[in-house]
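Observations on chain architecture
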Amino acid sequence: MQSPISIGCECGGPQDGGIGRLKVELFHALEKHVTSTHCDAVDEYLPVLRVDGEFSTYGPEGIHRVRFAKKSRYITADIQIPESVWRLASEQDLRQYLGSALRSAMEVFVARLKKDGVAVVESSIYAQMNAAITEFTLGAVTANNSLQAWRS
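Okay, so let's go over this structure. (Residues numbered from 1 in each chain as written. Predicted model: local features only at pLDDT ≥ 70, side-chain atom pairs only at ≥ 80, totals over all residues. Heavy atoms only, no water.)

**Description of the packing of aromatic side chains**
Aromatic ring pairs are defined here through the distance separating the ring centres and the angle between the ring planes. Scanning the entire structure with this criterion turns up one aromatic pair. Ring plane angle 15° and centroid distance 5.7 Å describe the contact between Y45 and F109, whose orientation is recorded as stacked. You can see Y45 sitting in strand β2 (residues 44-51) and its partner F109 sitting in helix α3 (residues 91-115), a full 64 residues away along the chain. Its relative accessible area of 0% is what places Y45 among the buried residues. The exposure class assigned to F109 is buried, which follows from its relative accessible area of 1%. The positively charged end of R95 is found above the aromatic ring belonging to F136, 4.9 Å away from the centroid. (Phe/Tyr/Trp six-rings, centres within 6.5 Å; stacked < 30°, edge-to-face > 60°. Helix = DSSP H or I, 4+ residues; strand = E, 2+ residues; numbered from the N terminus. Buried < 20%, exposed > 50% of the residue type's maximum accessible area, 1.4 Å probe, protein only. Lys NZ or Arg CZ within 6 Å of the ring centre and 35° of its normal.)

**Focus on the side chain of Q80**
With respect to the secondary-structure elements, Q80 resides in strand β4 (residues 74-81). On the accessibility criterion, Q80 (5% relative accessible area) is buried. Within polar-contact distance, the side chain of Q80 engages the backbone oxygen of Y58 at 2.9 Å. Within the structure, Q80 has its side chain in polar contact with the backbone oxygen of P60 (distance 2.9 Å). (Polar contact = N/O pair within 3.5 Å; in protein donor to acceptor, adjacent residues only side chain to side chain.)

Quick look at the structure:
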């Protein structure tokens, strides 16, 4: 069965501060908690991380290029991440940033669908997204605390 949310990532250089690896962890948390698109007109949400780097930049920070492909039954948007965001950030800061960016993208998706007259069960999708994002953002803290306890 296809996941209701897939996350793409394009990096503008060989370094991304660990965002590519964190994206996979975030996807697994979403796959675990988000059971449906909660929208009859959409089979998949497709946020794409565009991570600025040494060779390419993608534009200003934020959510851009929202596209609703009605016939293909998906909605997508670019989440543009400047190098200044990830270059000096800790892993926990990046987790918080990615979680917040994904939540913002989902709000943009829902607003776009509603603008097009498409019904979305907002409370359900947001509740499941929040559970996934909470697990993802707290995952590093829990693992770090476990490692510290083991070392003691």
